[in-house]
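Each chain, letter by letter, is given below.
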Amino acid sequence: MEITNILKDKIMLAVEKLENQSVLPKDLKKNSITVEKPKDESFGELSTNVSMVLAKQADIKPRDLASYLIKILKKDQMIESAQIAGPGFINFIIYKQFWIKLIKKILEDGERFGFKNIGKGKTVNIEFVSANPTGPLHVGHTRGAIFGDTLASLLKNVGFSVTREYYINDAGTQIESLCRSVYSRYEEALGRKYNADNNEYPGDYLKKVGENLVDEFGDSLLSSDIKSNLEKIKTYTLSVMMDQIKKDLYDLGIIMDNFVSESSLYKNGKVQEAIDYLSKLNLIYKGVLEKPKGSEKLDWVEREQDLFKSTLFGDDIDRPIKKIDGNWTYFAPDIAYHYDKIKRNYHEIVDIFGADHSGYTVRMKAVVKALSSGKKDLIIKLCQLVKLYKDGIPVKMSKRAGTYVTLRDLLDEVGKDSIRFLFLMRKNDAPLDFDFNKAIEQTKDNPVFYVQYANARIYSILKRARSLGINTEKEFIAKTDLSYLSSENEILIIRKLSEWPNIIFVSASRYEPHRIAFYLYELAQLFHGLQSLGKIDHTMKFLIKDNMQVTLARVALIQSIQIVIISGLKILGVKPVDEML
RNA sequence: GGGCACGUAGCUCAGUUGGAUAGAGCGACGGACUUCUAAUCCGUAGGUCGGGGGUUCGAAUCCUCCCGUGCUCACCA
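Since we're looking at a predicted model, the values are computed, not measured.

Caption draft 1: The arrangement of the overall build of chain A in detail. Helix and strand counts for chain A stand at 21 helices and 15 strands. Over its C-alpha atoms, taken along the principal directions, chain A stretches across nearly 90 × 65 × 40 Å. Among the 581 residues that make up chain A, the fraction classed as buried is 50%. A separation of at least 24 residues holds for 71% of the contacts in chain A among residues at least 6 apart in sequence. Of the roughly 28,400 Å² of accessible surface on chain A, 50% is carried by carbon and sulfur atoms. Distance between charge centres in chain A, computed from 85 positive and 77 negative side chains, equals 5 Å.

Printed below as a string of structure tokens:
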């Protein structure tokens, strides 16, 4: 157990003691009591708000309560000092030897250090990317892809059973027009005039699809009656598109567990089934929507349509499920899809959306509530847009002109590891500026490099240690006398390492993997600082030839740092490197 | 006009669901290598947490009203 929790237990015991002595009443609410690192180092190593939380409930002055607690806690062998501060905080200094124990534990646990089983086998379905298979993945998709995948691996590592899922929008008018575009390219490949009209997907990437169709089918698809061949073209095109998407994702380090096809939901009647179910619950009705106020839609036609009563679940208007032509809206198959997820009985259902779908979240949450009889909360995480820069100038993207930057472009120019780390250096709901030049820079300005470099430096020191004949096996190192770790800077970094389990816990329970990236950066920073000390003061070097005890203890320290860096990078899907090139 | 986000140092951003004198990086200025990787480090300067009001022992964080930015608004997905 980590020191923070041990200390918290001790504090709780002290509180209990005061309860037994009737200094405190017994029915106090204690859930907002915290033990944490104070913001200011000078206050102490750890701090608790216990007396402020309890004082009011018990009608005692916070500082008085604090002094009672301190009297009890001071007797503890772990606590070097405990002092009242400010309005009633208690600040602690912990004996060095207790901090040092952590290093031994990290060496023993290895990369599992810090990962507790908080999921306990609960199942989570995370749906992400779900890009329309009408073209290659671009930057916009990339962020959601990385976020979803990292969240998945994070949750997996804390004991959840995770399913990574991709919903394929392979139905609807957009696929029809994709196929028309492909048909134009097919004609072109057969030497006919390229028909740019009615071609909504002008990108070059379809040229190849057209050519491949020729290889596959010759000119047999050439017909005045496109419809008869549409199924063949559709099947072929979709499989080519999806293969490309899977390949791009794979190169970004992502493997989906499950793909669900929208058109399959139509085929096996699941859309109708889900809507029927909602009808049975009296949540579908025929009604007329008002034109949105202030909207400039000139083509608004007031009409009666089939609506889902999402207002019953917090939405501001009811949402249509059928288009004017009688077909389902996009919402309907999505209802069916989520109904299916509910029936698959996951403990948690998570959707990762792009910011452009933010207006869609309330109705999705509403329908999940409805379909699960109020039992399930759909968790939706939004990823804000990515703005690309090159030489400080924004890269303009236009889907029509076909000038958008694809994931493939990013992979080729920047590489998987940098993309992933840099995308994760931002909170998911904050907009992200991504500069190509910075991403490939090998300096401190580039956080991924900075963290990798710390790991590489440690690797190089360990290599040198071995060349000096030092045994760096973890089993051996873990048994060395760690009390030689005594400088303030060393203890400082051990305290930082002690935060790792909590970083993982908070990241996982709040679905915020960016915290890990920030933490790794800070840890790397402390390491680089520690290493530089050795340049000014040679007794602070990690390897000291004529002092084997200190050397071994320091080897233990840097190995612990390395373990945490590597395990953190792995969660982020970034490959740790041993040497910078 | 409605909905949802966001607004923190000159710039880019953190801030553990309400804790102490609000933190990093970049940029600026001043320093540090006969190296375990200077691809790095140390120091200094920089703030009315968009603004007003409220809730309480205590607010960047919660409520409310303004101001500003982004996304979005049946019959696309």
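Caption draft 2: Broad picture of the environment of Ile255. Mapped onto the secondary structure, Ile255 falls in the loop between helix H8 (226-251) and strand E7 (258-261). C-alpha separation for the pair Ile255 and Asp149, spaced 106 residues apart in sequence, amounts to 8.5 Å. In this structure Ile255 touches Arg164 and Tyr250, once residues within four positions along its chain are discounted.

Caption draft 3: Structural detail: the layout of surface pockets. Taken as a whole, the second largest pocket encloses approximately 850 Å³ of empty space. Lining the second largest pocket are 30 residues, with Glu36, Lys37, Glu499, Asn502 and Ile503 positioned closest to its centre. In terms of residue class, the lining of the second largest pocket is made up of 13 nonpolar, five polar and 12 charged. The two domains that each donate at least three residues to the lining of the second largest pocket are domain 1 (3-94) and domain 3 (443-572).

Caption draft 4: Broad picture of the sheet that holds strand E11 (residues 348-354). Judged by pairing direction, the sheet is parallel, and its five strands sit side by side in the order E7-E6-E5-E11-E12 without closing on themselves. Looking at the sheet topology across the chains shown, the edges are occupied by E7 and strand E12 (378-383). Geometrically, the sheet is characterised by an average inter-axis angle of 25° between neighbouring strands, direction not taken into account. When strand E6 (residues 161-168) meets E7, the two strands line up parallel, connected through four bridges. Note that in E7 the partner of Ile168 across the bridge is Ser261. Along the sheet, helix H12 (residues 361-371) makes contact with E11 and E12, crossing E12 at roughly 165°.

Caption draft 5: The arrangement of empty space enclosed by the protein in detail. Applying the stated criterion to the full structure yields two cavities of 30 Å³ or more. Quantified by volume, the largest cavity comes out at close to 60 Å³. Lining of the largest cavity is provided by Arg143, Ile146, Phe147, Cys383, Phe423, Leu424, Arg426, Lys427, Asn428, Pro513 and His514. Within the residue set of the lining of the largest cavity, elements represented by two or more residues are helix H5 (139-157) and helix H14 (416-424). In terms of residue count, H5 provides more of the lining of the largest cavity than any other element does, three residues in total.

Caption draft 6: Helix H3 (residues 62-73), seen in detail. Here H3 contains 12 residues, and its C-alpha end-to-end distance of 16 Å stays within 8% of the 16 Å for a straight helix at 1.5 Å per residue. Among all positions of H3, only Leu65, Ala66, Leu69, Ile70 and Leu73 are buried. Along H3, the residues classed as buried sweep out an arc of 140° about the axis, all on the same side. Considering only its buried residues, H3 is in contact with helix H1 (3-20), helix H2 (50-58), strand E3 (79-85) and strand E4 (89-94).

Caption draft 7: Molecular detail of the sheet that holds strand E9 (residues 304-308). Read across the open sheet, the three strands follow the order E8-E9-E10; overall the sheet is antiparallel. Of all strands in the sheet, those with a lone pairing partner are strand E8 (284-288) and strand E10 (319-320), marking the two edges. With two bridges joining them, E9 and E10 adopt antiparallel strand pairing. Bridged to Leu307 within E10 is Pro320.

Caption draft 8: Representation of the pattern of salt bridges. Considering all chains together, one arrives at 35 salt bridges under this definition. Between Lys10 and Asp76 there is a salt bridge whose closest N-O contact spans 3.0 Å. Remark: Asp76 occurs in the loop between H3 and E3 and Lys10 occurs in helix H1; sequence separation between them is 66 residues. Since its relative accessible area comes to 21%, Lys10 is described here as partly exposed.

Caption draft 9: Just the environment of Arg303, in detail. Relative to the elements of secondary structure, Arg303 occurs in the loop between E8 and E9. Each C-alpha atom of the pair Arg303 and Glu290 lies 9.2 Å from the other, and the pair is 13 residues apart in sequence. In this structure, Arg303 is in contact with Gly287, Val288, Leu289, Lys322, Lys323 and Ile324, ignoring residues within four places of it in sequence. Within the structure, the side chain of Arg303 is placed 3.4 Å from the backbone oxygen of Lys322, a separation counted as a polar contact.

Caption draft 10: Spotlight on unusual backbone geometry. Look at Asn282: it is not a glycine, yet its phi comes out positive at around 60°. For Asn282, the location among the structural elements is in the loop between helix H10 (270-280) and E8. Taking relative accessible area as the criterion, Asn282 reaches 56% and is therefore assigned exposed. Look at Ser373: it is not a glycine, yet its phi comes out positive at around 50°. Judged by relative accessible area, Ser373 falls into the exposed class, the value being 53%.

Caption draft 11: Spatial organisation of the packing of aromatic side chains. Across all of its chains, the model carries 17 aromatic pairs by this definition. Ring geometry for Tyr277 versus Tyr339: centroids 5.0 Å apart, planes at 15°, classification stacked. Here the residue Tyr277 occupies a position in helix H10, and Tyr339 occupies one in helix H11 (residues 331-343), the gap between them amounting to 62 residues. Site record: aromatic cluster; members linked through ring pairs are Phe308, Phe313, Tyr330, Phe331, Phe353 and Tyr360. Taking the ring centre of Phe259 as reference, the NZ or CZ of Lys246 above it sits at 4.5 Å. Here the basic side chain of Lys390 rests over the ring of Phe436, its NZ or CZ set 4.6 Å away from the ring centre.

How each quantity is defined
- Residues numbered from 1 in each chain as written.
- Chains lettered and ligands numbered in written order.
- Predicted model: local features only at pLDDT ≥ 70, side-chain atom pairs only at ≥ 80, totals over all residues.
- Heavy atoms only, no water.
- Helix = DSSP H or I, 4+ residues; strand = E, 2+ residues; numbered from the N terminus.
- Buried < 20%, exposed > 50% of the residue type's maximum accessible area, 1.4 Å probe, protein only.
- Contact = heavy atoms within 4.5 Å.
- Areas by Shrake-Rupley, 256 points an atom, 1.4 Å probe, with all protein chains shown as cover.
- Lys, Arg positive; Asp, Glu negative; His and termini not counted.
- Charge placed at Lys NZ, Arg CZ, Asp CG, Glu CD.
- 1 Å grid on protein atoms, 1.4 Å probe; cavity = no way out; pocket = protein on both sides within 12 Å on 5 of 7 lines; lining within 4 Å.
- Points joined across faces, edges and corners; volume = space filled by probe spheres on them.
- Nonpolar A, V, L, I, M, F, W, Y, C, P; charged D, E, K, R; others polar.
- Domains from an automatic or database assignment.
- Pairing = 2+ DSSP bridges.
- Axes fitted to C-alpha atoms, helices over the stretch in contact; angles between N-to-C directions.
- Expected span 1.5 Å × (residues − 1).
- Arc of directions from axis to C-beta.
- Salt bridge = Lys/Arg side-chain N within 4 Å of Asp/Glu carboxyl O.
- Polar contact = N/O pair within 3.5 Å; in protein donor to acceptor, adjacent residues only side chain to side chain.
- Phe/Tyr/Trp six-rings, centres within 6.5 Å; stacked < 30°, edge-to-face > 60°.
- Lys NZ or Arg CZ within 6 Å of the ring centre and 35° of its normal.

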